[in-house]
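So you can see what is in the structure, the chains are spelled out below.
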Number of protein chains: 2
Amino acid sequence: MENGEHDIHGYDYGKAGVPSSPVTLEELQHFKISAGFTDDTERYLRMAGVVLAPQAPAIVQKWRSGIIAGIPHLARHSRAVNGDPRPGYLAATNLRFVQWIEDTCLRTYDQSWLNYQHEIALRHTSLKKNQTDGVESTPFVPLHDAVAFVAVMNQTIRPYLATQGHSEAEVEAMHAAWCASLQLQVALWLRSYATLANPTPEL
Amino acid sequence: MENGEHDIHGYDYGKAGVPSSPVTLEELQHFKISAGFTDDTERYLRMAGVVLAPQAPAIVQKWRSGIIAGIPHLARHSRAVNGDPRPGYLAATNLRFVQWIEDTCLRTYDQSWLNYQHEIALRHTSLKKNQTDGVESTPFVPLHDAVAFVAVMNQTIRPYLATQGHSEAEVEAMHAAWCASLQLQVALWLRSYATLANPTPEL
Ligand code: HEM
Ligand code: HEM
């Protein structure tokens, strides 16, 4: 969290205005157990955070400009409704996405983290998307697309974990920890999307 | 599909009574793209299927008896409402779970596959759980728990992929293909759960 998080527009981690997660800390413990998330997972996430933090801008660049930009049904969510590019919107959310990589690896998964997971999820829904940056774009990202894209994030992050000379076993353990965190986050996002007006097409 | 699928009680793949998926084949193409699921993924899934098929009973044993049985909030879904074991129920669903590993790797992802994904998802919900085996148990498996548990399945299946002397790169590619398929299936399950009466606590 050393890189000047307070300068990131719209990055509200730990701030008072962030609504409470629908998931309690006690439920989070169950979610962690379901995902096989242990103290060891946390330890390897920390190791991954040190490896990934300096590379985070490049990773987000790869995901957003290298992959999503080439997939029309995903790229449109960072564009104007008529399909025109909105580079300012993309850049602003990229910065917060970079910070999220660090947060995923280096934060304690406490009430603030839980609440901010909910906030991030809601910023993909009709309740909050576009508001932080004051743009007009698609009203929401369908959750199934975000969930499917996690497979791509998990696969493409692996080489970045192997750049700092760790043993194959350590890279493997860091990667497993990353994947466990992302699956945990997907489970939490489900609960956030489930708070929307129903029936919702956003799943 | 060589192991006598027709003898498996309640295994209804491709049968007329299976309801249609809420997801169209055209949408499935988009889901695949979101998950980075390519022809290569399919090729490595086939390779994985050959490796995993003979080990599938042991894998399911590990997941169900080795891991889930030790987690009370998951184990209860295969037990009576009062917590008594229901070994017959567990054994019957284990057989179908084994077959699912093969289907995941070796089936063509066509309309029948799509429909059966929906059926499997619904068998975790209040709409269909317990009916196939005529048991009384929990009314549903919360989707967030199943989704979180995918992290455990993905991590624990890796060693089984490495037992047949494939190169590290091949094992890696088979594993990535497996993970992409599971993330695709999670995305489909979301859509199945979203067809339930709302608001649903099952997410
Ligand atoms: C289909 C895949 C995805 C697309 C198209 C997508 C698109 C977007 C868009 C358009 C925003 C800006 C939201 C706003 O207007 O406030 C955003 C923000 C963000 N996304 Fe995603 N997203 C996807 C998946 C994910 C996933 C899987 C994660 C992490 C698990 C993620 C993490 C974030 C983060 C951290 C932000 C910044 C939140 C904020 O706006 O403050 N996204 N995403
Ligand atoms: C929290 C984790 C999970 C639990 C506790 C769980 C529990 C169960 C239970 C109780 C059944 C029997 C359903 C019935 O009464 O008909 C079942 C069936 C099955 N489950 Fe799961 N499940 C979990 C996750 C998953 C996941 C992630 C997958 C695959 C992606 C999966 C695949 C299957 C299959 C293929 C069957 C057989 C379907 C059938 O009953 O015909 N399960 N599971």
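This text follows the structure it describes.
Owing to the predicted nature of the structure, the values given are computational and were not obtained by experimental measurement. (Residues numbered from 1 in each chain as written. Chains lettered and ligands numbered in written order. Predicted model: local features only at pLDDT ≥ 70, side-chain atom pairs only at ≥ 80, totals over all residues. Heavy atoms only, no water.)

## Thoughts on the packing of aromatic side chains
Two numbers describe a pair of aromatic rings. These are the distance of the centres and the angle of the planes. Residue and element names in this part refer to chain A. In the structure shown here, the tally under the stated rule is 18 aromatic pairs over all chains. When the centroid spacing of 5.9 Å and the interplanar angle of 50° are considered together, the rings of Trp63 and Phe97 count as tilted. You can see Trp63 sitting in helix α3 (residues 56-67) and its partner Phe97 sitting in helix α5 (residues 87-106), a full 34 residues away along the chain. Judged by centre distance (5.4 Å) and plane angle (75°), the ring pair of Phe97 and Trp100 falls under edge-to-face. Of this pair, Phe97 and Trp100 both sit in helix α5, three residues apart, which is roughly one turn of the helix. Residue Trp100 is classed as buried on the basis of its relative accessible area, which comes to 10%. Among the aromatic residues, ring-to-ring pairing joins Trp63, Phe97, Trp100 and Trp178 into one connected group. (Phe/Tyr/Trp six-rings, centres within 6.5 Å; stacked < 30°, edge-to-face > 60°. Helix = DSSP H or I, 4+ residues; strand = E, 2+ residues; numbered from the N terminus. Buried < 20%, exposed > 50% of the residue type's maximum accessible area, 1.4 Å probe, protein only.)

## Details of the site of ligand 2
All names here are of chain B. Contacts to ligand 2 come from 21 residues, most closely from Tyr89, Arg96, Arg123, His124 and Asn130. In the model, an oxygen atom of ligand 2 is placed 2.4 Å from a nitrogen or oxygen of the Tyr89 side chain. Separating a nitrogen atom of ligand 2 from a side-chain N or O atom of His124 is a distance of 2.8 Å. Elements with a minimum of two residues in the shell around ligand 2: α5 (87-106) and α7 (143-161). (Near = heavy atom within 4 Å. Polar contact = N/O pair within 3.5 Å; in protein donor to acceptor, adjacent residues only side chain to side chain.)

## Overview of the side chain of Gln55(A)
All names here are of chain A. On the secondary structure map, Gln55 appears in the loop between α2 (39-52) and α3. For Gln55, a relative accessible area of 15% gives the class buried. Only 2.9 Å separates the side chain of Gln55 from the backbone oxygen of Val51, close enough to count as a polar contact. Within the structure, the side chain of Gln55 is placed 2.9 Å from the backbone oxygen of Tyr160, a separation counted as a polar contact. Among residues more than four places away in sequence, those in contact with Gln55 are Tyr160, Thr163 and Gln164. (Contact = heavy atoms within 4.5 Å.)

## Some words on the coordination of the iron atom of ligand 1
For the iron atom of ligand 1, the protein supplies a single donor, His124(A) (NE2), at a distance of 2.1 Å. Inspection of the secondary structure assignment puts His124(A) in the loop between α6 (111-122) and α7 (143-161). (Donors = N, O, S within 2.8 Å, 3.2 Å for Na, K, Ca; no water.)

## Side note on the site of ligand 1
All names here are of chain A. Taken together, 21 residues surround ligand 1, and among them Tyr89, Arg96, Arg123, His124 and Asn130 come closest. In the environment of ligand 1, an oxygen atom lies 2.5 Å from a nitrogen or oxygen atom belonging to the side chain of Arg123. One of the side-chain N or O atoms of His124 is found 2.8 Å from a nitrogen atom in ligand 1. Those elements that place two or more of their residues in the shell around ligand 1 are α5 and α7. In terms of residue class, the shell around ligand 1 is built from eleven nonpolar, five polar and five charged. (Nonpolar A, V, L, I, M, F, W, Y, C, P; charged D, E, K, R; others polar.)

## Notes on α7(A)
Counted at 1.5 Å a residue, the expected span for α7(A) with its 19 residues is 27 Å, and the 27 Å between its end C-alpha atoms agrees. α7(A) sits mainly inside the fold: 17 of its 19 residues count as buried. (Expected span 1.5 Å × (residues − 1).)

## Comments concerning the relation of the copies chain A and chain B
For the pair chain A and chain B, the best superposition has an RMSD of 0.0 Å and corresponds to a rotation of 180° with a translation of 0.0 Å parallel to the axis. Here the symmetry operator amounts to a two-fold rotation axis. Considering only C-alpha atoms, the part of chain A nearest the rotation axis is Asn198(A), at 2.8 Å. Comparing interface residues between copies, 100% of those in chain A also sit at the interface in chain B, which points to an isologous, same-surface contact. (Least-squares fit on C-alpha atoms with pLDDT ≥ 70 in both.)

## A closer look at the nonpolar core
If you look at the biggest cluster of nonpolar residues, it comprises 124 residues, and the most contacted ones within it are Leu52(A), Trp63(A), Trp178(A), Leu52(B), Trp63(B) and Trp178(B). Not counting residues within four places of it along the chain, the set of residues in contact with Trp63(B) comprises Ile68(B), Phe97(B), Trp100(B), Ile101(B), Phe149(B), Val152(B), Met153(B), Thr156(B), Ile157(B) and Trp178(B). (Core = buried A, V, L, I, M, F, W, Y, C linked by side-chain atoms within 4.5 Å.)

All we've got here are geometric facts, nothing functional implied.
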